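Residues per chain, in single letters:
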Amino acid sequence: MDAADPIAVFREWHQAAQSARIGEPEAMSLATADGSGRPSSRMVLLRGLDDRGFRFFTNRTSRKGRDLTEHPRAALLFHWQPLGRQVRIEGPVSVLSDEESDAYFETRERMSQLAAWASDQSRPIAAREELLERLAAAERQFEGRPVERPSHWGGYVVAPESIEFWEHGDHRLHHRRRFSRNSDGGWTSELLAP
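Residues numbered from 1 in each chain as written. Predicted model: local features only at pLDDT ≥ 70, side-chain atom pairs only at ≥ 80, totals over all residues. Heavy atoms only, no water.

Colleague: What's the story with the pairing of strand β9 (residues 175-181) in this structure? I'm lost.
Modeller: Each regular strand carries side chains that alternate between the two faces of the sheet. Where strand β8 (residues 162-167) meets β9, six bridges bridge the pair, whose relative direction is antiparallel. Note that in β9 the partner of Phe 165 across the bridge is Arg 177. Taken together, the six bridges between β9 and strand β10 (residues 187-192) define a ladder with antiparallel strand orientation. Looking at β10, one finds that Arg 181 is bridged to Trp 187. Connecting the antiparallel pair β9 and β10 is a turn made up of five residues, with Gly 185 showing a positive phi of about 90°. (Pairing = 2+ DSSP bridges. Helix = DSSP H or I, 4+ residues; strand = E, 2+ residues; numbered from the N terminus.)

Colleague: Honestly, a negative patch on the surface in this entry has me stumped. Any pointers?
Modeller: A surface patch of like charges, here negative, comprises Asp 120, Glu 129, Glu 130 and Glu 133. Position of Glu 129 relative to the elements: it lies in helix α5 (residues 128-141). (Patch = residues over 30% accessible without salt bridge, like charges linked within 9 Å, V, L, I, M, F, W, Y side chains within 5 Å. Areas by Shrake-Rupley, 256 points an atom, 1.4 Å probe, with all protein chains shown as cover. Salt bridge = Lys/Arg side-chain N within 4 Å of Asp/Glu carboxyl O. Lys, Arg positive; Asp, Glu negative; His and termini not counted. Charge placed at Lys NZ, Arg CZ, Asp CG, Glu CD.)

Colleague: When you look at helix α1 (residues 6-19) in this model, what are you seeing that I'm missing?
Modeller: Each α-helix turn comprises 3.6 residues. Residues three or four places apart therefore point the same way. Look at α1: 20 Å from first C-alpha to last across 14 residues, which is about the 20 Å you get at 1.5 Å a residue. Regarding α1, the residues found buried are Pro 6, Ile 7, Val 9, Phe 10, Trp 13, His 14 and Ala 17. One face of α1 carries all of its buried residues, which in axial projection span an arc of 155°. In α1, those exposed residues whose orientation departs by more than 90 degrees from the buried face are Glu 12 and Ser 19. Near the N-terminus of α1, the side chain that reaches the backbone nitrogen of Ile 7, with its oxygen 3.2 Å away, is that of Asp 5. One or two residues past the end of α1 sits Arg 21, with phi positive at roughly 60°. (Expected span 1.5 Å × (residues − 1). Buried < 20%, exposed > 50% of the residue type's maximum accessible area, 1.4 Å probe, protein only. Arc of directions from axis to C-beta. Polar contact = N/O pair within 3.5 Å; in protein donor to acceptor, adjacent residues only side chain to side chain.)

Listed below in structure tokens is the structure:
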């Protein structure tokens with residue numbers, strides 16, 4: 001494992017998960033906390049990685065969006081069980097620009113774009129029919145034209161301050177290496193007891 005560049009290690013491990021045909025290798029647990037510190041986690045999909053960090057997209061008025069407004073930090077967890085590997089990432093979260101959110105929204109299939117308009121994510125609904133009616137209304141609204149990105153929907157980036165690589169070891173003697181961001185932007189690494 002290259003102790004100088006955990007992003008390169010992540011890319012290598014992610015590629016191995018893709019090559020192993022693991023279902024949804026982009027799936028990651030996203031943990032947030034509200035302003036009172038109450039935690040919440042859910043699965044989202046990694047939709048990009050660059051020098052700023054790990055990107056995902058969602059409804060910004062959802063619980064996770066509200067949490068990130070109140071407490072803009074998150075933890076991510078990738079678990080590729082068939083490979084016996086996990087990656088844990090922690091850091092501050094920033095909102096992606098409208099231009100980046102628009103560019104990604106355009107790549108989504110049309111029904112997923114319409115669903116972003118129909119779903120008031122994380123809010124109670126009286127019945128599933130209500131959601132389907134909202135979807136039908138969005139279909140009528142955008143009939144014959146491209147679906148615009150709703151202003152409440154967009155991207156976030158988690159800037160990693162720490163990245164831990166975990167590999168299965170016999171007798172629960174797992175292999176753990178944590179990389180921590182230095183003040184100069186570089187990384188230090190250390191082994192952790194399992």
